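Examining the three-dimensional arrangement
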Amino acid sequence: MASNGVDYDNGGVKPLGISNCYDLKQLQLLYSNATIKPAIIQNRFYARTGYDKSIRAFCKQQHIIYQSFWTLTGNPDVLAHDTFSKLAIKYQKSAAQLFFRYLTQIDIIPLTGTTSKTHMREDLSIFDFELTVDDCAAIEQIL
Ligand SMILES: NC(=O)c1ccc[n+]([C@@H]2O[C@H](COP(=O)([O-])OP(=O)(O)OC[C@H]3O[C@@H](n4cnc5c(N)ncnc54)[C@H](OP(=O)(O)O)[C@@H]3O)[C@@H](O)[C@H]2O)c1
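Reading the values: the criteria
Within each chain, residue numbers correspond to sequence positions counted from 1 in written order. Side-chain atom pairs in this predicted model are given and counted only at pLDDT of 80 or more, local residue features only at pLDDT of at least 70, and totals for whole chains, interfaces and linings cover all residues. Excluding hydrogens and water, the side-chain values take into account all heavy atoms of the structure. Comment: elements are numbered from the N terminus, with helices defined as DSSP H or I runs of at least four residues and strands as E runs of at least two. Relative accessibility under 20% of the residue-type maximum defines a buried residue, over 50% an exposed one, and the middle range a partly exposed one, all with a 1.4 Å probe and only protein chains included. Two strands pair if DSSP finds at least two bridges between them. Convention adopted: a line fitted to C-alpha atoms gives each axis, helices being fitted over their contacting stretch, and angles between N-to-C directions are expressed from 0 to 180 degrees. Here a polar contact means two N or O atoms within 3.5 Å. Within protein one must be a hydrogen donor candidate and the other an acceptor candidate, and residues neighboring in sequence count only if both atoms are side-chain atoms. Note on definitions: a residue-residue contact is assigned when non-hydrogen atoms from the two residues lie within 4.5 Å.

Attention now goes to the overall build of the protein chain. Scanning the protein chain from N- to C-terminus turns up 7 helices and 4 strands. Reading the secondary structure of the protein chain in the N-to-C direction produces β-α-β-α-β-α-α-α-β-α-α. Expressed along its principal axes, the backbone C-alpha trace of the protein chain runs to roughly 55 × 35 × 25 Å. When the 143 residues of the protein chain are sorted by exposure, 34% land in the buried category.

Here's what the structure looks like:
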């Protein structure tokens, strides 16, 4: 319990999460030992960690929400890939929008930030279209 009396048991603290955990064994150990299980994991989403494939599989199994950061910053090559150029024409959306939409369709919550009103509008308008199964598979190929 915190000194101000606010804690998880009396509802003062909502779901608890962890961040920057890239080791599946570490996550599994934490999960099996913690009384209050992590509800969310927030990780850098990029090639160096293999896009956290095994971590994400574990999250899915345990109903842990996976949030990505560095989604745009850490993936310039992905965003510049031909696949996104083709999909941009088909859906009339930018590579960033397509990537964010893809991630939401595979149950990832992408975090982002912007100083640009245009980008903010773009980032918020990703739910007025849906990528087909084939288009999702094409994106998965480059991750
Ligand atoms: N847990 C952690 O350790 C940790 C670490 C880092 C960040 N975070 C969280 O993650 C959030 C996201 O930060 P991030 O840097 O990782 O985000 P990001 O999506 O990788 O990068 C944001 C950058 O992308 C640009 N951008 C945003 N929307 C765009 C769009 N539609 N088209 C083109 N460019 C676009 C922005 O530039 P403009 O301003 O030019 O639009 C901004 O510089 C942060 O707010 C923070 O809460 C957590």
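Now that the structure has been shown, the text picks up again.
Before going further, it helps to spend a moment on the sheet that holds strand β3 (residues 65-69). Strand order across the open sheet formed by 4 strands is β1-β2-β3-β4, with parallel pairing between neighbours. The strands lining the two open edges of the sheet, one partner per strand, are β1 (17-19) and β4 (108-110). For this sheet, the mean angle separating the axes of adjacent strands, direction not counted, is 25°. For strand β2 (residues 40-44) and β3, the ladder comprises 5 bridges, and the chain directions are parallel. Across the sheet, the residue bridging to Arg44 is Phe69, located in β3.

Mapped onto the elements, Gln67 comes out in strand β3. The class for Gln67 is buried, based on a relative accessible area of 14%. At 2.9 Å, the side chain of Gln67 and the side chain of Gln42 are in polar contact. When near neighbours in sequence (up to four residues on either side) are disregarded, Gln67 contacts Ile40, Ile41, Gln42, Asn43, Ile109 and Leu111.

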